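Structural characterization, general
The chain contents come next:
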Amino acid sequence: MAGLAGPALARLMPAKAAMVRRHQARAQRWVADGAAHPDAAPVAALLPAASAPDDLQRATAAAFSSYARYWLESFRLPALNEFTLDRGIDVPAYHHVEEALERGNGVILALPHLGGWEWAGFWMATVNRLPITVVVEPLQPFELFEWFADFRERLGMRVVPLGPDAGREVLGALRRNEIVCLLCDRDLSGDGIEVNFGDERTTLPAGPAMLALRSGAALLPTAVYFRPRGRHLGTVRPPIDVTRHGRLRDDVTAVTQSLADELATLIAAEPHQWHLFGPNWPSDRIQSPSP
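**Points about the sheet that holds strand 3 (residues 132-136)**
The sheet built from seven strands is open, its strands ordered 1-9-8-2-5-3-4 with mixed pairing. Each of the sheet's edge strands pairs with one partner strand only, and the pair in question is strand 1 (89-90) and strand 4 (157-161). Summarising the sheet, strand 2 (residues 107-111) and strand 8 (residues 218-226) pair through four bridges and their orientation is parallel. Of the residues in strand 8, the one forming a bridge with I108 is L219. Seen against the sheet, helix 9 (residues 166-175) touches strand 2, strand 3, strand 4 and strand 5 (179-183) and runs at an angle of roughly 150° to strand 4.

Given below as structure tokens:
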């Protein structure tokens, strides 16, 4: 169903499709520019069926199909039992999460908008019995946000709206040695840290780096890829170095740049599963001034 929906949605939403096409063109450059991402090979090796670079029209339709699968799958999650959840995901490097929890400072899973992350969150909360906090963008109308928050809470996750109180809430979760999930490949507030993300300058949120530096929590770049026949592959990268070296602003910038490099590597492993539909680089806003 999702595969059929993708091309139709791309035709019905031409403005969104144009932005997705820009992002897919970027991701395909990242795939081709292997020297810019030296860690791409180990990640891609876990994805034997990963898509090769393709023409932009097909890549755009595939991104819409992937997003349709994300929503269809998410709506089915509350009805799945623990056995089905556990059987449907492999996380070869999950030891990074376990080792971080043993240190007692909490874990920050830093993810791009990629693949099926809701499955992994439900799996950790339901099968592994781990408390999960997710920071989400407030949606309008408010009733829609309430529905979405209630949906995730039924999956066993604690929802924190992005806003002035989010940092305090997240730090509290980390002090309790819990897991916090942050989608961080888009700077929603517009006041993030300027970095090289792929082959262009843009800003990414400072929150993951700031929270890790303040709390001592492990900062783990993570992605959850769709695989055939309803399966998933969770990739957890080694923790980013969050040792303090100088001024806080400089350390936040350095950590955010390291995270940007990791995010580009994770996206380049399976770019057609990148669910980014809005402007994310300055040149995107020049091309599309309307949000």
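**A few points about the pairing of strand 3**
When you tally the buried positions in strand 3, you get five out of five residues, the bulk of the element. Neither face of strand 3 is open: one carries I132, V134 and V136, the other T133 and V135, and all of them are buried. In this structure, strand 3 lies alongside strand 4, joined through five bridges in parallel fashion. For V136, the partnering residue across the bridge sits in strand 4 and is P161.

**Side note on the pattern of salt bridges**
Inspection of every chain in the model, using the stated rule, returns 17 salt bridges. For R22, the salt bridge identified is with D284, shortest N-O distance 2.8 Å. Of this pair, R22 sits in helix 2 (residues 14-32) while D284 sits in helix 12 (residues 282-287), and the two are 262 residues apart along the sequence. Here R22 falls in the partly exposed class, since its relative accessible area comes to 26%.

**Comments concerning the packing of aromatic side chains**
In the structure shown here, the tally under the stated rule is 13 aromatic pairs. For the ring pair W30 and F197, a centre distance of 5.5 Å and an interplane angle of 40° mean the geometry is tilted. Taken together, the residues span a long stretch of sequence, with W30 in helix 2 and F197 in strand 6 (residues 193-197) at a distance of 167 residues. Both residues of the pair, W30 and F197, count as buried. Ring geometry for Y67 versus W71: centroids 6.1 Å apart, planes at 75°, classification edge-to-face.

**Remarks on the environment of T203**
Following the sequence through the fold, T203 ends up in strand 7 (residues 200-204). The exposure class assigned to T203 is partly exposed, which follows from its relative accessible area of 26%. When the C-alpha positions of T203 and D187 are compared, they lie 6.1 Å apart, and in sequence the two are 16 residues distant. Once you skip the residues sitting within four places of it in the chain, T203 turns out to touch D187, G192, I193 and E194. Within the structure, the side chain of T203 is placed 2.7 Å from the side chain of D187, a separation counted as a polar contact.

**Notes on the confidence of the model for the protein**
Mean pLDDT over the protein stands at 87; residues scoring 70 or higher make up 90%. Taken element by element, the predicted model of the protein shows its lowest mean pLDDT in helix 3 (residues 40-45) (49) and its highest in strand 2 (98). When the criterion is pLDDT under 50, residues 35-41 qualifies, and its contacts beyond four places in sequence or with other chains add up to nine contacts. Low pLDDT (under 50) marks residues 45-53, which in the prediction has 17 contacts with non-local residues, meaning those over four places away or in another chain.

**Observations concerning unusual backbone geometry**
Look at N177: it is not a glycine, yet its phi comes out positive at around 60°. With respect to the helices and strands, the residue N177 is situated in the loop between helix 9 and strand 5. According to the relative accessible area criterion, N177 is partly exposed, its value standing at 24%. One non-glycine residue, R229, lies in the positive phi region at around 55°. Tracing the backbone shows R229 in the loop between strand 8 and strand 9 (232-236).

**What about the side chain of H275?**
Within the secondary structure, H275 sits in the loop between helix 11 (248-269) and helix 12. Polar contacts involving the side chain of H275 include one to the side chain of S66, which spans 2.6 Å. Polar contacts involving the side chain of H275 include one to the main-chain carbonyl oxygen of Q273, which spans 3.2 Å. If sequence neighbours within four positions are ignored, H275 has contacts with A63, S66, Y67, Y70, H113, L114, G115, W117 and F226.

Procedures and definitions
Residues numbered from 1 in each chain as written. Predicted model: local features only at pLDDT ≥ 70, side-chain atom pairs only at ≥ 80, totals over all residues. Heavy atoms only, no water. Pairing = 2+ DSSP bridges. Helix = DSSP H or I, 4+ residues; strand = E, 2+ residues; numbered from the N terminus. Contact = heavy atoms within 4.5 Å. Axes fitted to C-alpha atoms, helices over the stretch in contact; angles between N-to-C directions. Buried < 20%, exposed > 50% of the residue type's maximum accessible area, 1.4 Å probe, protein only. Salt bridge = Lys/Arg side-chain N within 4 Å of Asp/Glu carboxyl O. Phe/Tyr/Trp six-rings, centres within 6.5 Å; stacked < 30°, edge-to-face > 60°. Polar contact = N/O pair within 3.5 Å; in protein donor to acceptor, adjacent residues only side chain to side chain. pLDDT = per-residue confidence, 0-100.

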